[in-house]
Structure formats: structure tokens, C-alpha cells
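Next come the chains, spelled out residue by residue.
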Amino acid sequence: MKRSIVLGAGKYLPECRITNDDLTRWMDTTDEWIQQRTGVKSRHFATEGEGVADMCANAARDALKMANMEAKDLEFIILATLSPDYAMPGSGVLVQKYLGCETIGALDVRNQCSGFIYSLSVADQFIRSGMYKNVLVLGGESHSSGLDLSTRGRDISAMFGDGAGAVILGAVDVEEGEEAGILTTHLHSEGHFLRSLWCEQPGSIFRPRMTPEIFNNDRWFPKMKGRFVFTHALRRFPEVMNEALEASGYKVDDLDLFIPHQANLRIIEFVARQIEIPMEKVFTNIQKYGNTTAGTLPICITEAIEENRLKDDDLLLIASFGAGFTWGSVLMRWKTPPALRG
Ligand code: ACO
């Protein structure tokens, strides 16, 4: 049987680091408010000409290095983002070009904070079916060019940051009953609540799609009903985490590491309390990067490897919740990437 393990991982954060104090230059906010309500201390913002595909390609280069592989070894690219470089085509084909891969397929996924979980699940299905052996899975965002940095948009703008992460999923053969890599994935959506966290314009539902009025209104900035989203996150995270554990016959105590999507430190702490997992087993880096949406989980996975938080045979659960609403989880029996074994 084919199963998917992580062969390498990488991250890229733009050089420009913005502290909470920096934000006070543009909006009425304070370092204290942002830290207390979200846990964020700083985030990175991309600069002119630095697109999502550039960031993803940089993260991919590090992942290839860790995996001791070359771009020509990749067979398929999946890229998750809500902030693609261009309206069309998707950013996946740009990464194919930047890395100089052969004419392999490139698929863009638009599932916001759950984009990376959805992408991992798709990559896992390709590997399980035997269609591909090595799939590059990317998540990245360039939020900063589309944020309302005035006081009007401070609830959202104080949370978001730019960055990208990459994971190379590779096929391994396992015997019946043997566990390696991704054990189970669970994906959900509830479009009924699309207006609770969305960016309405420009969109193809409007004719024409772009007008001077659209540019002058505030509907091209993301909008969020913060508390409403917060309460749904608190319900859906534990649900989808338990779904993964039950499907595989495990209990919370069996987990070695939980990597949640990093939207708000308070959400992470609430969820940890709810499912009764100690914070020592919960990975967080929202303090440094804010919410990098599709980029968050591959950045976390990379840092968990760098910080030695993942050991061979650890049981790892990752989960996300975000706009759509969409949410999901992936349970993994972690295998040290072969190129890192002593
Ligand atoms: N600085 C200072 N004050 C602020 C700021 C800010 N940056 N932002 C909001 N406020 C004010 C509000 O205007 C409000 O003032 P008022 O009481 O005078 O009206 C007050 O602070 C409280 O606002 P709330 O929105 O009620 O604050 P809350 O404690 O809920 O925190 C937050 C807001 C951080 C956005 C929180 O609701 C949250 O994290 N929600 C969920 C986010 C999430 O999980 N999103 C999903 C992933 S993102 C994705 O999918 C793309």
C-alpha cells in the first residue's frame, strides 16, 4: 500500500517585519490590544514585486534542499492561496516556471485558512492511488497589498501577515497494519456563512467586474464578523480533531504534537483547554508571523522540524478553520524525512 510522508519542508518570510507599534502609524490601535486579543507581536509584509509565487518558490527551494531532491524530481504542484499573484492564471504555474520544473501539472486551491489542509488531502489521494510519487504542496499569502490599514480595517489588518511554506510529500510502501505518514484527512465546508468572513469585490458576479466606484468603496477589503467567526472556530476545531482521532482509534493523550492554524492565540488556547491537550504539545508561532492563512501550516511544520519538536513515529495532528467557512484536519504518523536520518 502507498502512503504519503513528508520528505522535506521549507518556509519563506519577507524581510520587512512590521511590529504592532509600526501599525499604530496607520491605525488607532495599541500593542497591548493586539497582543491581548490575538497574541500577535509582529508580522512580515511583502514588498513591491514580491508575489505569492516568489515566496512559495523560495520555500520550495528550501524543502527540496531538506529532501535532497531537485526540481526535476517533482511530479505535481499544488498551491493554496487566497491572494494569487494575478487574477489569472493561478500562482501554481508561476512556481512551475520559477523552479524550472518539467511541464508537470500545477493546481491552485482556494480554501483560505484551510487551503493547506485541503491541498495535503488532495496530494495524499494522488499518492495513495499510485498516480504520483513526489508532490510539492505549497501555501502562501500576500495579504498586505489588500488590507485596509486604516482604523476602519483594524480588526482584520492587525491579525494578518505575509509568508509561505512548502512541503514535499513522497510515497512510501507500507504493509497492512503498518502506519507511516498521513493516516486520515477530514474536510468540511459551510457556505451558508460566506459573508461572515469574505472579500466581496472584485468578483465575476459584478458587471463590469471593476469600476472606479469599486475602487473607491471599501468592499475590496476583507471583512469579518470577528466574534461570530471566533465562536464557530471554537466549535469546529474540536469537532474535526476528534473526527480524525476517532477515525484512527486514537485518543487526545496519544498525540505528541498538535499544530493548529494560527488565527488567534486565544482560539488556540481555548481549543487546547476544550480537548484537554497541554500547551507544551501545541505548536504556536502566531506571535512572530500573525495569520499567514494558507502559509501558516507549512511554515509551522517547517519550524517544528527545525526546532526538533517532531520525532520519528510521533503522532501529529494538524487542523484549521477559516473563511467559507471551511475546516479540516490531517492526522499523521510522523516519519523523519529520509534525507535527515543519521
Ligand atoms: N485595535 C484596537 N481596537 C480594536 C482593534 C484593534 N486592532 N480591532 C478591533 N478593535 C475594537 C473594536 O472596534 C471594538 O470596539 P467597540 O467595543 O468600541 O466596538 C473592540 O475592539 C472589540 O472588538 P471585537 O471584534 O469584539 O474584539 P474581539 O475580542 O472579538 O477580537 C478578533 C477581534 C481578534 C478579530 C477576534 O474576534 C477573532 O480572532 N476572531 C476570529 C478570527 C478567525 O479565526 N478567523 C478565521 C481565520 S482567517 C481566514 O480564514 C482568512
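Source: prediction; values computed, not measured.

Visitor: Got a sec to walk through the sheet that holds strand S7 (residues 163-173)? Specific residues and values, please.
Guide: Note on sheets: strands pair through backbone hydrogen bonds, and any given pair is parallel or antiparallel. Read from one edge of the open sheet, five strands run S1-S7-S6-S4-S5, paired in mixed fashion. Strands at the two margins of the open sheet, each flanked by one partner only, are strand S1 (2-12) and strand S5 (105-109). On average, adjacent strands in this sheet sit at an angle of 20° to one another, irrespective of strand direction. In this sheet, S5 lies alongside strand S4 (residues 76-80) in parallel orientation, the contact comprising five bridges. Residue Ala-80 lies in a different strand from S5, and its bridge partner there is Val-109. Contacting S1, S4, strand S6 (134-141) and S7, helix H3 (residues 52-67) runs over the sheet at an angle of about 120° to S1.

Visitor: Any chance you could break down helix H4 (residues 92-99) for me, citing the residues and the numbers?
Guide: Because the α-helix completes a turn every 3.6 residues, residues three or four places apart line up on one side. Those residues of H4 lying buried are Gly-92, Leu-94, Val-95, Gln-96 and Leu-99. For H4, the elements touching its buried residues are H3, S4, S5 and S6.

Visitor: I'd like to hear about the side chain of Thr-293, residue by residue, with values.
Guide: Mapped onto the elements, Thr-293 comes out in the loop between helix H10 (286-289) and helix H11 (296-306). Filtering out sequence-adjacent residues up to four positions away, Thr-293 remains in contact with Leu-82, Gln-112, Cys-113, Glu-141, His-143, Phe-160 and His-261.

Visitor: Describe the pattern of salt bridges, listing the residues and the values that go with them.
Guide: Taken as a whole, this structure holds 19 salt bridges when the rule is applied. Of the charged contacts, one joins Lys-223 and Asp-218 as a salt bridge, the two residues approaching to 3.8 Å between their closest N and O atoms. The exposure class assigned to Asp-218 is partly exposed, which follows from its relative accessible area of 23%. Note that Lys-335 is salt-bridged to Asp-313, the shortest N-O span being 2.4 Å. Taken as a pair, Lys-335 in the segment after strand S13 (326-333) and Asp-313 in the loop between H11 and strand S12 (315-322) lie far apart in primary sequence, 22 residues in all. Put simply, Lys-11, Lys-288, Glu-303 and Glu-306 are held in one network by salt bridges that share partners.

Rules used in this analysis
- Residues numbered from 1 in each chain as written.
- Predicted model: local features only at pLDDT ≥ 70, side-chain atom pairs only at ≥ 80, totals over all residues.
- Heavy atoms only, no water.
- Pairing = 2+ DSSP bridges.
- Helix = DSSP H or I, 4+ residues; strand = E, 2+ residues; numbered from the N terminus.
- Axes fitted to C-alpha atoms, helices over the stretch in contact; angles between N-to-C directions.
- Contact = heavy atoms within 4.5 Å.
- Buried < 20%, exposed > 50% of the residue type's maximum accessible area, 1.4 Å probe, protein only.
- Salt bridge = Lys/Arg side-chain N within 4 Å of Asp/Glu carboxyl O.

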